[in-house]
Amino acid sequence: MQVYLPIAEISLNAFALVAVGSMVGFLSGMFGVGGGFLLTPLLIFMGVPPSVAASTSASQVAASSVSGAITQARRRAVDFRMGLVLFGGGFAGTIFGVQIFALLKLSGQIDIFIPLIYVVLLSTIGGLMLAESVAAIHRRRRGREIPKSTAAAGTRWARLPWKMHFPRSKLTISVLPPLFLAFGVGSLSAVMGVGGGFIMVPAMIYLLRMPPNLVVGTSLFQVLIIASCVTLLQAFQNHTVDIVLAALLLLGGALGAPLGLRAAQRLKADELRALLALLVLGMGLKLFIDLLGEPRELFVLAPGAA
Amino acid sequence: MKRPAILLLTLWAIAIPISAPAQTLSAPTNPAEVSPPSSLPGSRPDVRTQIRDEALIAADPDINEAGELSTLLSDEIIAVGATFAGAKIALFGALPDRKRGDVVIALKGPELPARILKRRRILGLWIAGEPRILLGAPAFYRVLTSKPLVETAPAGLLRRLEALPDSVAAGLGGPDVSEEARAFVRIKTAEKLYGVEESAIETRAGGLFKVDLRIPANAPVGLYEAKVHLFRDGRFISSTTTSFHVAKTGFEREIAQLAQNSSLLYGLLCVGLALSWGAAAAALLRRP
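Please read all numbers here as calculations on a predicted model, not as lab measurements.

Glancing now at the confidence of the model for chain A. Low pLDDT marks stretches whose predicted atomic positions should not be read closely. Residues and elements named next belong to chain A. Chain-level statistics for chain A give a pLDDT mean of 79 and a share of 89% at 70 or above. Highest mean pLDDT in chain A belongs to helix 1 (residues 14-31) (85); lowest belongs to helix 6 (residues 149-156) (50). Note on residues 148-154: pLDDT is under 50 here. Beyond four places in sequence and across chains, it has 11 contacts.

Further remarks concern the interface of chain A and chain B. With 56 residues of chain A in contact, the opposing surface of chain B contributes 58 residues. Of the roughly 5,100 Å² buried between chain A and chain B, counting both surfaces, carbon and sulfur atoms make up 69%. Sorting the residues of chain A by area buried against chain B places Tyr 4, Phe 299 and Leu 301 of chain A first, and these three jointly supply 16% of that buried surface. For the pair chain A and chain B, the number of links is 5 residue pairs in polar contact (both at pLDDT 80 or more). When contributions to the side of chain A that touches chain B are tallied by element, the ones reaching two or more residues are strand 1 (2-5), strand 2 (10-13), helix 3 (50-74), helix 5 (110-141), helix 9 (212-237), helix 10 (243-266), helix 11 (269-292) and strand 5 (299-303) of chain A.

Below, the discussion takes up the environment of Val 211 of chain B. All names here are of chain B. Note on placement: Val 211 falls in strand 10 (residues 208-215). Using a relative accessible area of 1% as the deciding quantity, one classes Val 211 as buried. For Val 211 and Thr 145, which are 66 residues apart along the polypeptide, the C-alpha to C-alpha distance reads 9.2 Å. Not counting the four nearest positions on each side in its chain, Val 211 is found in contact with Ile 89, Ala 90, Leu 91, Ile 105, Leu 144, Ala 200 and Ile 201.

All names here are of chain A. Remark: helix 1 packs on helix 11, axes separated minimally by 10 Å, with the N-to-C direction vectors making an angle of 140°. As far as their axial angle goes, helix 11 and helix 1 are oblique. Considering only the axes of helix 1 and helix 11, their crossing is left-handed. The segment helix 1 lies against helix 11, with Leu 27, Met 30 and Phe 31 engaging Leu 272, Leu 275, Leu 276 and Leu 279. Taken together, the residues that form the contact of helix 1 with helix 11 break down as 7 nonpolar, no polar and no charged.

The rules behind the values
- Residues numbered from 1 in each chain as written.
- Chains lettered and ligands numbered in written order.
- Predicted model: local features only at pLDDT ≥ 70, side-chain atom pairs only at ≥ 80, totals over all residues.
- Heavy atoms only, no water.
- pLDDT = per-residue confidence, 0-100.
- Helix = DSSP H or I, 4+ residues; strand = E, 2+ residues; numbered from the N terminus.
- Contact = heavy atoms within 4.5 Å.
- Buried area = accessible area lost by both parts, 1.4 Å probe.
- Polar contact = N/O pair within 3.5 Å; in protein donor to acceptor, adjacent residues only side chain to side chain.
- Buried < 20%, exposed > 50% of the residue type's maximum accessible area, 1.4 Å probe, protein only.
- Axes fitted to C-alpha atoms, helices over the stretch in contact; angles between N-to-C directions.
- Parallel < 35°, antiparallel > 145°, perpendicular 65-115°, else oblique.
- Left-handed = near helix turned anticlockwise from the far one by under 90°.
- Nonpolar A, V, L, I, M, F, W, Y, C, P; charged D, E, K, R; others polar.

So this is what it looks like as structure tokens:
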């Protein structure tokens, strides 16, 4: 069934959109990521204008993370205090990222920058995660003791000021690392049109040394707030959020997210990380190959004069 | 001499929508749902009467006496609703003097600004470079003919009349057609927004003709202009222009307007929708 999308100004198959939404929702429930890094390229591939794809993805990311975040909160797997610190940094980062985006757009470099940053980021993070999680699986299989992650946290950022206690994570660290981390991810997510969970999850594990069982929930909470902000900002400033497209993706996402959560419970944490790493790496590789091969059409057409 | 032709044209114009309403106005896939409630002859009986009146006015013997080319559209608006998947408008016409001729129609959509970027190889990667802005290019441009173009008129003449898609490229590039302008036409052709449909116009005895103007689902909204040119023996005889609108209606229109005019409210609505659906789904699926 074809449905006309009033902002994107094209008509697409409604069932295909619901399917895409549920697939992304499944992944977001499973890994605690918003899924924007998959959804935005998928929508562009289906013919949605890039600006509408990125902005509308944000609303889908917000929705799929709300169902996940509620489930995780009920399971007491969200560190709200950490979430609020991350939100503070993330919100500032989003505003900063929007300025960078506008600057790049003005100089005409945005179309060079976006695919490159996608490739660099996805392959770096995917590669690092894959190496770590495969090593972790190996260690577990051989029956060796898993290094305690929380023990290292106190020493790693020990010299930084403004210490804060996070009772839920059993962490006492300076607020600076999470603030800077969230700022960086927030600005990146504004430029790339993603929620940033796929960066947040590994960063919280490896940099902040948060307990892995709290990482998914807290990341979902942070992604939820940032994605809501991005949706509102894009709708307000750029008029690029398509509510009909969003509704169809949401329908799928609402179906997929709880299934993903259930699937995640059957897998071990390191296996889950390895899977996410493969997914991120695969997406980065695909974009890289796209940039490598000589395109059939040397020109790209984009609407608007700006 | 003129009257039978006019009568015939009018009867034909009326008879076709009556006998096959889906054929004249609606999308090929889902005729009933595409039909806009406000502008379909079927749903508002007075519209058809109005069209009939216009047909009579358009085919007024005093006007046609001078050998004018007269045309008639089956509808003046294509409504873009929730299930819009393309539509078509029938264009009827009568040639002057009831004689046969070769007809070429250039159907042009709204002119929208566009950017075109050329990919270059940087460190082995194909990356889009700086955009070039194209102004004054129609977002939709299709040429329909009654005979293959080569048999109709010389290419130079057709280009001057803007009845060849590459005349758009010529118009964009100034005196020398730029690589970008040619690429623009190439991409638009691949998207089926530009192109030529030869022998698509049906001609009948008595100088009557009929053609379906197809508007695909990816065509932009706005004013569409059909320039109808008549040729005889390779020579240009006359031309006339008729137009119609492709417009969002109902729900789709409300949304587009809300997004544009009350963007804060629209944004809050989007966020609210996203959060409430997500929350509802979580609540619903909590119980296995």
